[in-house]
Amino acid sequence: MNEEETKQILVEYLTDSGSAFAITEQGDQVFLSERLVTRMGVQPGDIFDAHVLLNYADKRDMIKYRAMRVKAATNIAPIFQDA
């Protein structure tokens, strides 16, 4: 039921606790854990191809997805090209 998808994301900001938030091309929010941010050296403005899952039910209304893995984007989506 919690099927993984790949979405291109643009990192908007890092939190004080070391996690990050990004948006998809469709404008949906994505949470990136502190562990993922640290391991990948995530910075605001970075664009990734992210493997995402729907977020936990109690958080999904605010933040639709959570990133499981990210890799540098190979083809930047037009909506993110001027970001």
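Here, the structure is the one placed above.
Residues numbered from 1 in each chain as written. Predicted model: local features only at pLDDT ≥ 70, side-chain atom pairs only at ≥ 80, totals over all residues. Heavy atoms only, no water.

**Student:** With reference to specific residues and values, describe the layout of surface pockets.
**Tutor:** Approximately 200 Å³ is the volume found for the largest pocket. For the lining of the largest pocket, the secondary-structure elements that each account for two or more residues are helix H1 (34-40) and strand S5 (65-72). Partitioning the lining of the largest pocket into residue classes produces seven nonpolar, two polar and four charged. (1 Å grid on protein atoms, 1.4 Å probe; cavity = no way out; pocket = protein on both sides within 12 Å on 5 of 7 lines; lining within 4 Å. Points joined across faces, edges and corners; volume = space filled by probe spheres on them. Helix = DSSP H or I, 4+ residues; strand = E, 2+ residues; numbered from the N terminus. Nonpolar A, V, L, I, M, F, W, Y, C, P; charged D, E, K, R; others polar.)

**Student:** Got a sec to walk through the packing of aromatic side chains? Specific residues and values, please.
**Tutor:** A full pass over the atoms with the stated rule returns two aromatic pairs. Ring centres of Tyr 13 and Phe 21 lie 5.5 Å apart, and the angle between their planes is 35 degrees; this geometry places the pair in the tilted category. On the basis of relative accessible area, Tyr 13 is assigned to the partly exposed category, the value being 42%. Members of the aromatic cluster, connected to one another through ring pairs, are Tyr 13, Phe 21 and Phe 31. (Phe/Tyr/Trp six-rings, centres within 6.5 Å; stacked < 30°, edge-to-face > 60°. Buried < 20%, exposed > 50% of the residue type's maximum accessible area, 1.4 Å probe, protein only.)

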